[in-house]
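So the chains spell out like this:
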There are 2 protein chains.
Amino acid sequence: MEKISIALLGLGTVGTGVYKVLKAQKEDMARKIGAELEIKKILVRNLEKAAGKVDDPGVLTNSWQEILDDPQIQIVAEVMGGIEPAGTYILQALEAGKNVVTANKDLLAVKGKELFDAAGRKGQDLLFEAAVAGGIPIIRPLKQCLAGNHMTEVMGIVNGTTNFILTRMLADGMEFQEALDLASRLGYAEADPSADIEGLDAARKVAILASVAFHSRVTLEDVYTEGITKITATDIRYAREMGYTIKLLGVAKETEGAIEARVHPMMIPSSHPLASVKDSFNAVFVHGDAVDDAMFYGRGAGELPTASAVVGDLFDIARNIRFGCCGRISCTCYRNLPVKKIDEVTSRYFLRMQVDDQCGVLASISSVFGSNGVSLAQVIQKAKQQDTAELVVITEGVVERHFADSLKILKGLSIVKEISAAIRVYGD
Amino acid sequence: MEKISIALLGLGTVGTGVYKVLKAQKEDMARKIGAELEIKKILVRNLEKAAGKVDDPGVLTNSWQEILDDPQIQIVAEVMGGIEPAGTYILQALEAGKNVVTANKDLLAVKGKELFDAAGRKGQDLLFEAAVAGGIPIIRPLKQCLAGNHMTEVMGIVNGTTNFILTRMLADGMEFQEALDLASRLGYAEADPSADIEGLDAARKVAILASVAFHSRVTLEDVYTEGITKITATDIRYAREMGYTIKLLGVAKETEGAIEARVHPMMIPSSHPLASVKDSFNAVFVHGDAVDDAMFYGRGAGELPTASAVVGDLFDIARNIRFGCCGRISCTCYRNLPVKKIDEVTSRYFLRMQVDDQCGVLASISSVFGSNGVSLAQVIQKAKQQDTAELVVITEGVVERHFADSLKILKGLSIVKEISAAIRVYGD
């Protein structure tokens with residue numbers, strides 16, 4: 001039987017997962033592919049430490065050059081992460097005529113164009129299903145299954161750590177810090193959780209998703225990013241009372257020939273399919289003109305789920321090699337759309353503030369909104385204590401800078417003691 | 001620009017959808033494919049009736065031979081439905097070296113092997129994303145993205161009519177007939193709804209899904225099928241009280257080297273992702289050893305969603321034609337597993353019955369279950385009226401024939417006045 005040789009770059013969580021899956025599925029993969037997939041080399045930093053993780057330590061090497069120079073290696077699976085040296089290795093592999101699978105969202109979100117251009121020039125495959133939403137099939141469905149659609153919206157829960165935190169805050173009434181501590185104890189949050197809780201990890205995935213969905217390159221710096229650190233149990237309770245659930249969403253839209261790409265907490269109707277995505281699960285919701293609404297749900301991280309996506313890509317490339325058609329599905333960014341600044345985006349807002357409990361307060365506040373073109377959809381006044389009332393409003397859709405202007409004026413009013421929360425709400 | 005010519009067989013709902021999508025996406029498809037996708041011929045029965053549906057009636061023909069003999073036509077999209085003549089046309093198209101897209105679940109569920117064998121012999125593509133769950137990408141994800149998994153479970157809400165009916169019964173407390181009437185009025189149910197409400201439509205999809213997921217051919221006659229006509233508002237209310245939602249599920253499992261394939265109403269925990277799939281939406285939930293749980297959600301029927309799936313297949317074949325790699329992903333049934341009889345399957349059961357309201361009844365009933373090896377997980381006795389009590393039990397997992405034996409004996413007991421409902425419950 002024909003043999004197709006792979007090199008793994010990295011033997012961390014994902015690398016180990018890929019090794020395990022390929023070992024477990026060895027015979028089945030051979031039957032599916034019509035050729036044997038063999039891990040010929042694994043690039044690691046520490047040969048001794050890695051030796052315990054593999055059956056045959058002979059496959060381990062700390063020399064990238066050895067892999068690059070090996071003409072038998074036709075596929076390189078980059079699962080080491082980070083911008084460099086991963087970026088250079090991928091470029092060199094493509095230049096050397098090898099195909100590449102990568103799970104590296106950090107890299108693709110900033111240097112995608114350079115890498116895909118290199119793959120395109122050489123007619124090689126550069127697949128990256130694992131880079132977004134871990135094990136969930138989303139890149140291939142968007143590029144192939146939904147190719148007949150003009151996609152207008154991609155909205156995802158693409159970070160498991162923050163979804164776990166928000167789920168605990170909702171289900172158990174925890175405050176943010178308490179839920180974060182629990183996530184850390186259970187291994188759902190990293191030692192330094194900032195990339196997760198500040199939305200950076202989700203922003204990388206949004207950049208990639210938007211590029212694929214709208215056929216126009218979106219990079220990390222195009223994505224407006226806001227995390228969940230300011231969300232309180234009080235806001236979550238209010239949301240629930242009003243029929244909403246707060247999620248950290250990556251949102252990408254195409255509106256009026258421009259792209260919106262942003263990550264922020266959002267109140268979505270509790271009946272929306274994304275609202276029932278709990279714990280560390282991820283989901284990507286899409287809307288296209290033909291398919292209408294669709295959603296893809298599953299595990300967005302973890303050793304084996306992420307390995308599942310990497311191995312799916314290896315399968316596809318192996319079939320391409322056997323059929324002599326590498327580069328069959330390549331970069332699909334054939335448009336060049338501008339990305340809107342967040343100031344120009346239209347949002348609805350939930351605004352919670354502490355105000356003086358006296359006559360005329362609501363009129364004053366309404367007038368600030370009115371003069372900035374902000375219409376109110378819902379007003380709730382409650383939880384009075386001493387001379388303070390809690391005022392909650394939900395606005396109609398408003399251009400963000402108009403909302404920001406209103407907020408500035410409100411903050412300057414003596415009757416407004418505190419702006420406690422401003423959270424975007426789903427809908428136009 | 002290179003031109004790739006297609007023939008559409010049929011201009012009903014799906015055919016019209018494909019025509020519309022290809023027209024709307026003409027320029028984008030050309031850029032995605034690198035070639036122009038042209039509908040050269042459309043096979044219709046009535047040329048005059050069809051003329052109003054297309055821009056250029058010159059593409060219409062009522063001669064299959066004309067299409068078959070046209071060497072320029074490289075792809076045939078069969079969207080006419082039914083077993084014949086669709087089956088013969090597909091075979092002839094494949095034999096003539098044409099690639100085929102089909103949305104025809106009826107045909108694939110009974111004659112899949114013959115068709116895929118023909119495609120395999122000729123190295124042609126035979127794609128069928130639209131045949132299961134309409135617009136939802138599921139076939140390609142299973143065959144490609146999840147190729148690294150040993151799949152053990154596929155569970156789907158794959159019939160929109162019945163999901164709409166069950167949703168209304170749950171949300172509005174309707175009885176079955178009332179909800180069916182509403183579905184008919186709103187166009188969610190066909191004039192003769194029996195294939196939907198009796199589970200036959202779902203069974204066809206389960207046969208296809210099981211074949212793809214487990215790499216072993218499952219045909220319609222292998223699928224145990226039970227519809228939703230006996231479900232009552234009372235059972236739905238009980239289910240909700242106990243934390244369950246009743247759905248018509250297509251279930252396919254691989255257990256102990258055999259396949260289970262069945263369609264029946266099932267109580268699933270209301271926290272399960274499938275429980276929140278409402279109205280006419282479809283969803284397919286899968287479990288694999290690497291990916292863990294994943295779910296695919298969207299519109300399972302309708303003109304444009306189904307067309308979205310057909311056009312995705314056309315895109316893929318067009319890329320294959322350009323890269324000279326048709327037949328790249330072919331039939332993957334390389335195993336030959338037995339399909340279990342329903343008698344041998346293990347299920348949990350919800351059983352609701354009317355019994356005499358007297359001492360010792362529960363003991364008698366428990367003893368019937370006990371002597372047939374059926375353990376009870378939950379017992380509720382309530383709703384007494386006159387001398388009758390309503391007894392509800394949920395069993396632990398039990399081999400179906402043992403449960404059936406218990407039921408026969410219970411029916412013979414004088415203290416049991418009526419077996420009101422027996423519904424399977426999710427879990428082993």
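Rules and cut-offs
- Note that residues are indexed from 1 along each chain, following the sequence as it is written.
- Each chain is given a letter, starting from A, and each ligand a number, starting from 1, according to the order in which they appear as written.
- A pLDDT threshold of at least 70 governs which residues receive local features in this predicted model, and a stricter bar of 80 or more applies before side-chain atom pairs are shown or counted, although totals over entire chains, interfaces and linings include all residues.
- Calculation of side-chain values draws on the structure's entire complement of heavy atoms; hydrogens and water are dropped beforehand.
- Any two strands with at least two DSSP-identified bridges between them are counted as paired.
- Here a strand is any run of E in DSSP of at least two residues, a helix any run of H or I of at least four, and the numbering for each starts at the N terminus.
- Here's how the labels work: a residue is buried when its accessible area is under 20% of the maximum for its type, exposed when over 50%, partly exposed in between, all with a 1.4 Å probe on protein chains only.
- Comment: arc refers to directions from the helix axis out to C-beta atoms.
- An axis is simply a line fitted to the C-alpha atoms; with a helix, the fit covers only the stretch in contact. Between two such axes, the angle follows the N-to-C directions and lies from 0 to 180 degrees.
- The cut-offs work like this: below 35 degrees is roughly parallel, past 145 is roughly antiparallel, 65 to 115 is roughly perpendicular, and the gaps in between are oblique.
- Left-handed is the label given to a crossing in which the near helix is rotated counterclockwise from the far helix by less than a right angle, and right-handed is the label when the rotation is clockwise.
- Here, residues are in contact when the closest pair of their heavy atoms is within 4.5 Å.
- Residues are grouped as follows: Ala, Val, Leu, Ile, Met, Phe, Trp, Tyr, Cys and Pro are nonpolar; Asp, Glu, Lys and Arg are charged; every other residue, Gly included, is polar.
- Our superposition of the copies is a least-squares fit, built on the C-alpha atoms of residues whose pLDDT is at least 70 in both.
- Two parts placed together each lose some accessible area; with a 1.4 Å probe, that loss summed over both constitutes the buried area.
- In what follows, salt bridge is the name for a side-chain nitrogen of Lys or Arg lying within 4 Å of a carboxyl oxygen of Asp or Glu.
- Whenever a nitrogen or oxygen atom comes within 3.5 Å of another N or O atom, the pair is scored as a polar contact, on the condition that within protein one atom can donate a hydrogen and the other can accept it, and that pairs from neighbouring residues in sequence are kept only if both atoms are in side chains.
- UniProt positions are given in the numbering used here, feature names are shortened, and annotations may be inferred rather than shown by experiment.

Trainee: Honestly, the pairing of strand β17 (residues 416-425) of chain B in this entry has me stumped. Any pointers?
Mentor: Successive side chains on a regular strand alternate, one facing one side of the sheet and the next facing the other. Residues and elements named next belong to chain B. When strand β10 (residues 258-269) meets β17, the two strands line up parallel, connected through two bridges. The residue of β17 that forms the bridge with methionine 267 is valine 425. In the sheet, strand β13 (residues 346-356) pairs with β17 via eight bridges, with the strands oriented antiparallel. From the neighbouring strand, arginine 352 faces β17, where its bridge partner is alanine 421.

Trainee: Looking at this structure, I do not really get helix α5 (residues 86-95) of chain B. What am I missing?
Mentor: Structurally, the α-helix is built with 3.6 residues per turn, so residues lying three or four positions apart point the same way. All names here are of chain B. Residues Ala86, Gly87, Tyr89, Ile90, Ala93 and Leu94 constitute the buried set of α5. Down the axis, α5 shows its buried residues gathered within 165 degrees of arc, on one side only. Glycine 97 sits one or two residues past α5 and shows a positive phi near 85 degrees.

Trainee: Explain the packing of helix α6 (residues 105-122) of chain B against helix α11 (residues 200-214) of chain B to me, please; I cannot follow it from the model alone.
Mentor: Any two packed helices are characterised by the angle at which their axes cross and by the distance between the axes. Residues and elements named next belong to chain B. The interhelical angle for the contact between α6 and α11, taken along N-to-C directions, is 50 degrees, at an axis separation of 9 Å. Viewed along their axes, α6 and α11 adopt a mutual orientation that is oblique. Note on packing geometry: the crossing formed by α6 with α11 is left-handed. Across the interface between the two elements, Lys105, Asp106, Leu108 and Ala109 from α6 touch Asp201, Arg204, Lys205, Ala207 and Ile208 from α11. In the contact of α6 with α11, the residues fall into four nonpolar, no polar and five charged.

Trainee: What am I meant to see in the packing of helix α14 (residues 361-371) of chain A against helix α15 (residues 400-412) of chain A here?
Mentor: Residues and elements named next belong to chain A. Where α14 contacts α15, the axes come no closer than 9 Å and their chain directions differ by 145 degrees. Handedness of the crossing formed by α14 with α15: right-handed. Contact with α14, carried on its side by Ile365, Val368 and Phe369, involves Phe403, Ser406, Ile409 and Leu410 of α15 and no other residues of that element. Here the contact of α14 with α15 is composed, by residue class, of six nonpolar, one polar and no charged.

Trainee: Looking at this structure, how should I read the relation of the copies chain B and chain A?
Mentor: Each of the two copies of the chain can be brought onto the other by a rotation about an axis and a shift along it. Of the two same-sequence chains, chain B is brought onto chain A (RMSD 0.0 Å, axial shift 0.0 Å) by a rotation of 180 degrees. In symmetry terms, the pair is related by a two-fold rotation axis. Residues of chain B ranked by C-alpha distance from the rotation axis are headed by B:Phe296, positioned 2.4 Å from it. The fraction of interface residues of chain B whose copies in chain A are also interface residues reaches 100%, indicating that both copies meet through the same surface.

Trainee: Looking at this structure, I do not really get the interface of chain B and chain A. What am I missing?
Mentor: How big an interface is tends to be expressed through the accessible area that disappears when the partners come together. With 52 residues of chain B at the interface, the matching set in chain A holds 52 residues. For the pair chain B and chain A, the summed buried area comes to about 4600 Å², and 56% of that belongs to carbon and sulfur atoms. Together, B:Cys145, B:Arg328 and B:Tyr334 form the three largest contributors to the area buried by chain B at its contact with chain A, with a combined 16%. On the surface where chain B and chain A come into contact, there are four salt bridges. A:Arg328 is the salt-bridge partner of B:Asp316, the closest N and O atoms lying 2.8 Å from each other. Seen at the junction of chain B and chain A, the total is 24 residue pairs in polar contact (both at pLDDT 80 or more).

Trainee: When you look at the UniProt feature "binding site: NADP(+)" (unreviewed entry) in chain A in this model, what are you seeing that I'm missing?
Mentor: All names here are of chain A. Here the UniProt feature "binding site: NADP(+)" (unreviewed entry) sits at Leu9, Gly10, Leu11, Gly12, Thr13, Val14, Gly15 and Thr16. With respect to the helices and strands, glycine 12 occurs in the loop between β1 (3-9) and α1 (13-24). By the secondary structure assignment, glycine 15 is in helix α1. Classification of glycine 15 as buried rests on a relative accessible area of 0%. With residues up to four places along the chain from it excluded, the contact list for glycine 15 reads Leu8, Gly10 and Val79.

Trainee: I tried to follow the pattern of salt bridges on my own but got confused; where do I start?
Mentor: Pairs can form between side chains of opposite charge once their charged atoms are near each other. Counted according to the given criterion, the structure contains 62 salt bridges over all chains. One salt bridge connects A:Glu95 with A:Arg121, and the closest N-O pair in it is separated by 3.2 Å. On the criterion of sequence distance, the pair formed by A:Glu95 in helix α5 (residues 86-95) and A:Arg121 in helix α6 (residues 105-122) is long-range, its members being 26 residues apart. Since its relative accessible area comes to 39%, A:Glu95 is described here as partly exposed. Across the pair A:Glu344 and A:Arg401 runs a salt bridge whose closest N-O atoms are separated by 3.0 Å. Taken together, the residues A:Glu344 in the loop between α13 (303-323) and β13 (346-356) and A:Arg401 in helix α15 connect sequence positions 57 residues apart. Judged by relative accessible area, A:Glu344 falls into the partly exposed class, the value being 37%. One salt-bridge network, in which partners are shared between bridges, spans A:Glu129, A:Arg140, A:Asp313, A:Asp316 and B:Arg328.

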